[in-house]
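Summary of the model geometry
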Amino acid sequence: MRRAKSLKGEIAIPGDKSISHRAVMFGALAHGETEIENFLAGADCLSTISCFRQMGVDIEQNGTKVRVSGKGIDALTEPEGILDVGNSGTTTRLMLGILAGRTFHACIIGDESIAKRPMTRVTNPLKNMGASIDGRQDGNFTPISIRGGKLKGIEYQSPVASAQVKSAILLAGLQAHNEKTKVTEPHKSRDHTERMLRAFGAEVKEEGLSVEITGGQSLKAASIQVPGDISSAAFFLVAGAIVPDSTITLKNVGINPTRIGIIEVLTKMGAKLTIEEKGTHAHEPAADLTISTSELKGTTISGDLIPRLIDEIPVIALLATQAEGDTIIKDASELKVKETNRIDTVVQELNKLGAVIEPTDDGMIIRGKQTLTSSASVSSHGDHRIGMMLAIAALIAKGDVSLSGHEAIDVSYPQFFEHLDQLAVK
Ligand code: S3P
């Protein structure tokens, strides 16, 4: 891995992963031609395209431009083969919500990481709505087979703040004719589904922590301009703050309020960050973000902030190693069921580089400020966000860092190393 003296310049952040998945799925359920621009052509979103093609949807993809020819949800057809979701939890859980209302049979598999991720959080409520679902350990793990059916609406109190759970139930609810489905969460999770349903012409009601949809509404094709992914920008926001003599601008980053926990934390820790708003497309706001090397102080991250930065916690842990004083992350036990157990993988890999981080039951305590000194061989553990966080750590490590498993980064940010090279001053 390379070290960097400083970072300078600007990059355009690739499309948001959550929004790209949803644009393809909603386009597949809608009537008409959905045009998507700045689609994230990473492995996860390509898995979504291939699954919907297997269900008879005509999808043309040319780099970051995608055209989905939707013929309505009833036009989806039984896939001949198994639907392979690769590494993608979003594909698995949202697609289960769609399949719950289809009368055909489908079988879902994914990679080793997907096989360990809990699915009863969606399969149980979907079974209550009327779908037949089975899988290893009572439908908790892939392979999962599903035969949907006539659904009834439910009122569901989710035990976790999860946009994947909320979205799966809303997508099933959309198919429960003339019935209402309401999902309530303990904290608000990302609301891309609610915003995009509206962009596709559906009516969705939101009140506090509840979202309600009436079944039987049909979706109309839309034009979706995907903003850059703040979860990808997060790696460079942290890099800009911790690498000496740096100033970088990240163009066209999505700043949906349910995603900007990283901006709030950087600001609270004292980072020099400016935000230039650039307008809203399909209900999703975007901005150019400029960050410079900053004097940082530790903070506490907990409660309803957690779902708004859950995917950024690995790189926030790195940021906190460079802040004066301790940073405490709590209420984040969801980290244990991400692409890896991110409490374990963050602590294990950053401590190899000389950080001092203690794992806790629902988060971690990061001691600051620590010089990352050691030469070490670190691993992504097949987790894209752990891989990118370690590549950013290597920029400031005093020793030589070698990273194994960097190919996992293709899941969400195929141009990551190219962008790093563009910004790094040699
Ligand atoms: C996502 C929701 C989050 C997030 C994931 C993408 C989505 O997962 O971690 O990367 O697109 O809905 P949970 O819903 O499990 O919190």
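This text goes with the structure placed above it.
Residues numbered from 1 in each chain as written. Predicted model: local features only at pLDDT ≥ 70, side-chain atom pairs only at ≥ 80, totals over all residues. Heavy atoms only, no water.

1. What about the layout of surface pockets?
Of the voids in this model, the largest pocket is the one considered here, and its volume is about 570 Å³. In this structure, the largest pocket is lined by 39 residues; those nearest its centre are A161, S162, I310, E334 and K338. Of all the elements in the fold, those that place two or more residues in the lining of the largest pocket are helix 1 (17–29), helix 3 (89–99), helix 6 (163–173) and helix 12 (384–396). Its residues placed into classes, the lining of the largest pocket shows 10 nonpolar, 12 polar and 17 charged. In this structure, the second largest pocket occupies an estimated 400 Å³ of space. Lining the second largest pocket are 20 residues, and of these I242, P244, Q322, K369 and I396 lie nearest its centre. At the level of elements, helix 8 (230–242) and helix 12 are the ones that each hand at least two residues to the lining of the second largest pocket. Partitioned by chemical class, the residues of the lining of the second largest pocket number 9 nonpolar, 5 polar and 6 charged. (1 Å grid on protein atoms, 1.4 Å probe; cavity = no way out; pocket = protein on both sides within 12 Å on 5 of 7 lines; lining within 4 Å. Points joined across faces, edges and corners; volume = space filled by probe spheres on them. Helix = DSSP H or I, 4+ residues; strand = E, 2+ residues; numbered from the N terminus. Nonpolar A, V, L, I, M, F, W, Y, C, P; charged D, E, K, R; others polar.)

2. A few points about the side chain of D44
Here D44 shows up in helix 2 (residues 43–54). Given a relative accessible area of 2%, D44 falls into the buried group. Residues contacting D44, with those up to four places away along its chain left out, are K17, H21, N87, S88, T91 and V411. (Buried < 20%, exposed > 50% of the residue type's maximum accessible area, 1.4 Å probe, protein only. Contact = heavy atoms within 4.5 Å.)

3. A word on the packing of aromatic side chains
The final tally for this structure, using the stated rule, is 6 aromatic pairs. Ring geometry for F26 versus F200: centroids 5.9 Å apart, planes at 80°, classification edge-to-face. Note that F26 is positioned in helix 1 and F200 in the loop between helix 7 (192–199) and strand 11 (204–207), a separation of 174 residues in sequence. Look at Y413 and F416: their rings are 5.6 Å apart centre to centre, the planes differ by 70°, and that puts the pair in the edge-to-face class. Exposure remark for Y413: the relative accessible area of 0% places this residue in the buried category. Linked through ring pairs, F235, F236, Y413, F416 and F417 together constitute an aromatic cluster. (Phe/Tyr/Trp six-rings, centres within 6.5 Å; stacked < 30°, edge-to-face > 60°.)

4. Describing unusual backbone geometry
Residue P143 follows T142 across a cis peptide bond; omega there is -5°. Relative to the elements of secondary structure, P143 occurs in strand 8 (residues 141–147). The residue after G368, namely K369, is reached through a cis peptide bond having omega -5°. By secondary structure assignment, the location of K369 is in the loop between strand 20 (363–367) and strand 21 (376–379). For D245, which is not glycine, the phi torsion reads 50° and is therefore positive. On the secondary structure map, D245 appears in the loop between helix 8 and strand 14 (247–254). We note that H283 has phi near 70°; this positive angle belongs to a residue other than glycine. Checked against the element boundaries, H283 lands in the loop between strand 15 (272–281) and strand 16 (284–292). Judged by its relative accessible area of 40%, H283 is partly exposed.

5. Some points on the sheet that holds strand 20
Spatial strand order, 17-18-20-19: 4 strands in an open sheet with mixed pairing. Edge positions in the sheet fall to strand 17 (300–301) and strand 19 (356–360), since each has one partner strand and no second. In this structure, strand 18 (residues 327–329) lies alongside strand 20, joined through 3 bridges in antiparallel fashion. Note on strand 20: the bridge partner recorded for I328 is I365. (Pairing = 2+ DSSP bridges.)

6. With respect to the sheet that holds strand 11
Taken in spatial order, the 4 strands line up as 9-10-12-11 in an open sheet, and their pairing is mixed. The sheet terminates laterally at strand 9 (155–157) and strand 11, the two strands that pair on one side only. On average, adjacent strands in this sheet sit at an angle of 15° to one another, irrespective of strand direction. Where strand 11 and strand 12 (residues 210–214) come together, 4 bridges link them in antiparallel fashion. Looking at the pairing, K205 lines up with E212 of strand 12. Against the sheet, helix 7 makes contact with strand 11 and strand 12, and its axis sits at roughly 145° relative to strand 11, the strand it touches most. (Axes fitted to C-alpha atoms, helices over the stretch in contact; angles between N-to-C directions.)

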